[in-house]
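Here is how the chains run, residue by residue.
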Amino acid sequence: MHKRLFDVDGWKIKTNKLHHEDIRLQESLTSIGNGYMGMRGNFEEKYSGNSHNGTYIAGVWFPDKTRVGWWKIGYPEYFGKVINAINLIGIRVIMDGEELDLATSNIIEFYHELNMQSGLLARRFIVEQEGKRTKVEVERFLSLHTKELCAIEYKVTPLNHDANIELVPYLDGNVHNEDSNYEETFWDEVETGEGYVISKTKENPFRVPRFTVCALMDVETIGETIGEAVTNGSMYTQQSCKFNPKAGEMVGIRKYVVVTTSRDYKEDQLLTMAKELKDQVRLKTY
């Protein structure tokens, strides 16, 4: 059966509906990439429904065991798997103490578009909690000028109430592939610090060179904050940004993530090069 999720408008595909029942297809259709890295059109904020998260770095792969229910003649024992890399886009959104979850929150307006000419992925929606309405506007792109850069602008405006807003951008290297064997993972932690995660592919039986990936996050706040804090865990780092906007006042963040890999730089230079690229990026506006 023919199914259309998006309307077509010149270079854009767009929709006014959050397609819960077809969210994986929606994520596929809104994927973006720049040749160096690519990602599915997953949401930055929490989505507890049936979603398929995916961020991929060009040329970073792993020789994984073939997963089949039974063995067939001619099936290879191993195959080259493009593996899910560090989650670069995550932003937890907490409004008046309640975390936004697009799978369960009351979304009363929704718009989603991919501009295939500019490479800009954009959303806007209004969420209602006990009569309090809040508008959220999101943009994301992968740079062509600086191939290592992912940039996100996330803005929140309480429409009819004063609010306590906490935005928590994070990097998470605790990822896996859905088709992996027995939930196995493909990454070892190298180093996690304030605003960065460095991970390396696990040892493999073919002595295929291991890949090391460094993701470095830099956060710019929009509006006056009442507090900021950084927390680190195993292959995980986050920065909490708290705001107290009045009704009609917009607050938000711009999240810049620079990704360097051992395909381009020496392993012991990945963080240094990421910091240099980040400094160059921040000389420019979003």
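This write-up is about the structure you can find in this document.

## Focus on the overall build of the protein
For step 1, the next point in the chain: Regarding its fold elements, the protein presents two helices and 20 strands.
For step 2, the next point in the chain: In summary, the protein has a C-alpha radius of gyration of 20 Å against a globular reference of 19 Å for 286 residues, a match within 12%.
For step 3, the next point in the chain: Scored against the burial criterion, the 286 residues of the protein give a buried share of 50%.
For step 4, the next point in the chain: Considering only residue pairs separated by 6 or more positions, the protein has 63% of its internal contacts joining residues 24 or more positions apart.
For step 5, the next point in the chain: With the model as given, the accessible surface of the protein reaches about 14,200 Å², and the carbon-plus-sulfur share is 47%.

## Points about the nonpolar core
Soluble, globular proteins show a tendency: their nonpolar side chains are buried together.
For step 1, the next point in the chain: Core analysis: the biggest nonpolar cluster contains 56 residues, and Leu-88, Tyr-154 and Trp-187 have the highest contact counts within it.
For step 2, the next point in the chain: With 14 residues, the next largest nonpolar core counts Cys-214, Val-258, Leu-270 and Ala-274 among its residues.

## Considering the sheet that holds strand S14 (residues 165-172)
For step 1, the next point in the chain: With antiparallel pairing, the five strands of this open sheet are ordered in space as S9-S8-S14-S19-S18. Every interior strand has two partners, whereas the edge strands, strand S9 (98-99) and strand S18 (227-233), have only one.
For step 2, the next point in the chain: Where strand S8 (residues 91-95) meets S14, five bridges bridge the pair, whose relative direction is antiparallel. Bridge pairing in S14 places Val-93 opposite Leu-167.

## Quick look at the pattern of salt bridges
For step 1, the next point in the chain: Evaluated as defined, the whole model comprises 23 salt bridges.
For step 2, the next point in the chain: The salt bridge involving Glu-21 is made with Lys-17; its shortest N-O contact spans 3.6 Å.
For step 3, the next point in the chain: Lys-17 gets classed as partly exposed once you look at its relative accessible area, which sits at 44%.
For step 4, the next point in the chain: Notably, a salt bridge pairs Glu-267 with Lys-200, separated by 3.3 Å at the nearest N-O pair. Residue Glu-267 is found in the loop between strand S20 (251-261) and helix H2 (270-281), and its partner Lys-200 is found in strand S16 (residues 196-201); the two are separated by 67 residues along the sequence.

## Quick word on the side chain of Thr-261
For step 1, the next point in the chain: You can see Thr-261 is positioned in strand S20.
For step 2, the next point in the chain: Judged by its relative accessible area of 1%, Thr-261 is buried.
For step 3, the next point in the chain: Setting aside residues no more than four positions away along its own chain, Thr-261 makes contact with Tyr-36, Ile-57, Thr-212, Val-213 and Leu-270.

## Looking at the pairing of S18
For step 1, the next point in the chain: Judged from the seven bridges that link them, S18 and strand S19 (residues 236-243) form a sheet pairing that is antiparallel. By the bridge assignment for S19, Glu-228 is matched with Cys-241.
For step 2, the next point in the chain: Hairpin geometry of S18 and S19 is characterised by an intervening segment of two residues between the two adjacent antiparallel strands and by a positive phi of about 50 degrees at Met-235.

## Comments concerning the side chain of Thr-212
For step 1, the next point in the chain: Among the secondary structure elements, Thr-212 is positioned in strand S17 (residues 212-222).
For step 2, the next point in the chain: A polar contact of 3.2 Å, which involves the side chain of Thr-212, links it to the side chain of Glu-267.
For step 3, the next point in the chain: Beyond its immediate sequence surroundings of up to four residues, Thr-212 is in contact with Val-190, Ile-198, Ser-199, Lys-200, Thr-260, Thr-261, Ser-262, Glu-267 and Leu-270.

## Comments concerning the layout of surface pockets
For step 1, the next point in the chain: Taken as a whole, the largest pocket encloses approximately 640 Å³ of empty space.
For step 2, the next point in the chain: Every element with two or more residues in the lining of the largest pocket is listed here: strand S5 (55-57), S8 and S14.
For step 3, the next point in the chain: Here the residues of the lining of the largest pocket are counted per class, giving 10 nonpolar, 12 polar and 10 charged.

## Overview of the sheet that holds S16
For step 1, the next point in the chain: Within the open sheet, the 10 strands sit side by side as S1-S2-S10-S11-S12-S13-S20-S17-S16-S15. Their pairing is antiparallel. Where the open sheet ends on each side, the last strands, each with one partner, are strand S1 (7-9) and strand S15 (187-193). In this sheet, neighbouring strand axes are inclined to one another by 15 degrees on average, regardless of whether the strands run parallel or antiparallel.
For step 2, the next point in the chain: The sheet contacts of H2 involve strand S13 (149-158), S16, S17 and S20, and relative to S17 the element is tilted by about 30 degrees.

## Things to note about the packing of aromatic side chains
For step 1, the next point in the chain: For the structure shown, the criterion picks out six aromatic pairs.
For step 2, the next point in the chain: Between the aromatic rings of Phe-110 and Phe-125, the centroid separation amounts to 6.3 Å while the plane-to-plane angle is 25 degrees, which identifies the pairing as stacked. On the criterion of sequence distance, the pair formed by Phe-110 in strand S10 (residues 107-115) and Phe-125 in strand S11 (residues 120-129) is long-range, its members being 15 residues apart. Both residues of the pair, Phe-110 and Phe-125, belong to the buried class.
For step 3, the next point in the chain: Ring centres of Phe-141 and Tyr-286 lie 5.6 Å apart, and the angle between their planes is 55 degrees; on these two criteria the pair is classed as tilted. Taken as a pair, Phe-141 in strand S12 (residues 132-142) and Tyr-286 in the segment after H2 lie far apart in primary sequence, 145 residues in all.
For step 4, the next point in the chain: A relative accessible area of 18% means that Phe-141 is categorised as buried.
For step 5, the next point in the chain: A connected cluster of aromatic rings, assembled from ring pairs, spans Phe-43, Tyr-47, Phe-110 and Phe-125.

About the cut-offs
The numbering scheme is per chain: residues are counted from 1 as the chain's sequence reads. It should be noted that, the model being predicted, local features are given only for residues of pLDDT at least 70 and side-chain atom pairs only at 80 or more, the latter also being counted only at that level, while totals for whole chains, interfaces and linings use all residues. To get the side-chain values, take all heavy atoms of the structure and skip hydrogens and water. Only DSSP runs of H or I with at least four residues qualify as helices, and only runs of E with at least two residues qualify as strands; both kinds are numbered from the N terminus onward. The globule rule used for comparison is 2.2 Å times the number of residues to the exponent 0.38, while the radius of gyration itself is calculated over C-alpha atoms. Categorising residues by exposure relies on relative accessible area from a 1.4 Å probe, with only protein chains included: less than 20% of the type maximum marks a residue as buried, more than 50% marks it as exposed, and the intermediate range marks it as partly exposed. A contact between two residues is defined here by any heavy atoms of the two lying within 4.5 Å. Surface accessibility follows the Shrake-Rupley procedure with a 1.4 Å probe radius. Residue values consider only the protein chains on display as shielding. Residue types Ala, Val, Leu, Ile, Met, Phe, Trp, Tyr and Cys, when buried and joined through side-chain atoms within 4.5 Å, form a set referred to as a nonpolar core. Two strands are said to pair when DSSP picks up at least two bridges between them. Definition used for salt bridges: Asp or Glu carboxyl oxygen within 4 Å of a side-chain nitrogen of Lys or Arg. Nitrogen and oxygen atoms within 3.5 Å of one another constitute a polar contact, given that in protein one can donate a hydrogen and the other can accept it, and given that sequence-neighbouring residues count only through two side-chain atoms. As defined here, a cavity is a set of points on a 1 Å grid over the protein atoms alone where a 1.4 Å probe fits but cannot get out. A pocket is an open set with protein on both sides within 12 Å along at least five of seven lines, and residues line them when an atom is within 4 Å of a point. Grid points are joined across faces, edges and corners, and a volume is the space filled by probe spheres set on the points. Under the scheme applied, nonpolar residues are Ala, Val, Leu, Ile, Met, Phe, Trp, Tyr, Cys and Pro; charged residues are Asp, Glu, Lys and Arg; polar residues are all the others, including Gly. Fitting a line to C-alpha atoms yields each axis, with helices limited to the stretch in contact; the angle taken between N-to-C directions then spans 0 to 180 degrees. Geometry of aromatic contacts follows a simple scheme: Phe, Tyr and Trp rings, the Trp one being its six-membered ring, pair when their centres are within 6.5 Å, and the pair is stacked under 30 degrees between planes, edge-to-face over 60, tilted otherwise.

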